[in-house]
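# A closer look at the structure
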Amino acid sequence: MKSVWQVQEAKNRFSEIIETAISDGPQVVTHHGKAVVKIVALTPREISAAAGDDDFFLHLMNAPKVGDLQLPTRKSRKYQIDLGV
């Protein structure tokens, strides 16, 4: 089944794209030939969380992106341990 859709076609066949995302996996929408949106089905866990928490999607939208995460700098070791091996 198709997995890449142009914007106009995606607008006209949105219900079909949703069904395809559920049955076949992520669907990509392009704009002027460039991928701009990926439509994915929620996992059962995400569906349960969404049913119980009205802020679930807001939380997802505000979650840090992988590139935004910063690891703390590693401090140098002051002492070296000699295991005598």
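The structure we're discussing is the one just above.
Given the structure is predicted, the values throughout are model-derived calculations rather than measurements. (Residues numbered from 1 in each chain as written. Predicted model: local features only at pLDDT ≥ 70, side-chain atom pairs only at ≥ 80, totals over all residues. Heavy atoms only, no water.)

### Some words on helix H2 (residues 14-24)
Worth spelling out the cut-off: Burial status follows relative accessibility: with a 1.4 Å probe on protein chains alone, a residue under 20% of its type maximum counts as buried, one over 50% as exposed, and anything between as partly exposed. Labels follow the DSSP assignment, with helices taken as runs of H or I lasting at least four residues and strands as runs of E lasting at least two, numbered in each case from the N terminus. In this context, the arc is that of the directions from the helix axis out to the C-beta atoms. Should any heavy atoms of two residues lie within 4.5 Å, those residues are counted as being in contact.
Of all the residues in H2, the buried ones are Ile17, Thr20 and Ala21. Considered in projection along H2, the buried side chains sweep an arc of 105° and stay on one side of the axis. The outward face of H2, more than 90 degrees from its buried face, is lined by the exposed residues Ser15, Glu19, Ile22 and Ser23. Turning to H2, the residues buried within the fold contact strand S1 (4-6), helix H1 (7-12), strand S2 (27-31) and strand S3 (34-39). Directly beyond the C-terminal end of H2, a positive phi value near 110° is found at Gly25.

### Digging into unusual backbone geometry
Phi at His32 is positive, roughly 55°, even though this residue is not glycine. Taking the relative accessible area as the measure of exposure, His32 reaches 74% and is therefore exposed.

### Let's talk about the side chain of Thr20
For Thr20, the position within the fold is in helix H2. Classification of Thr20 as buried rests on a relative accessible area of 4%. Residue contacts for Thr20: discarding those within four places in its chain leaves Met1, Lys2, Gly25 and Gln27.

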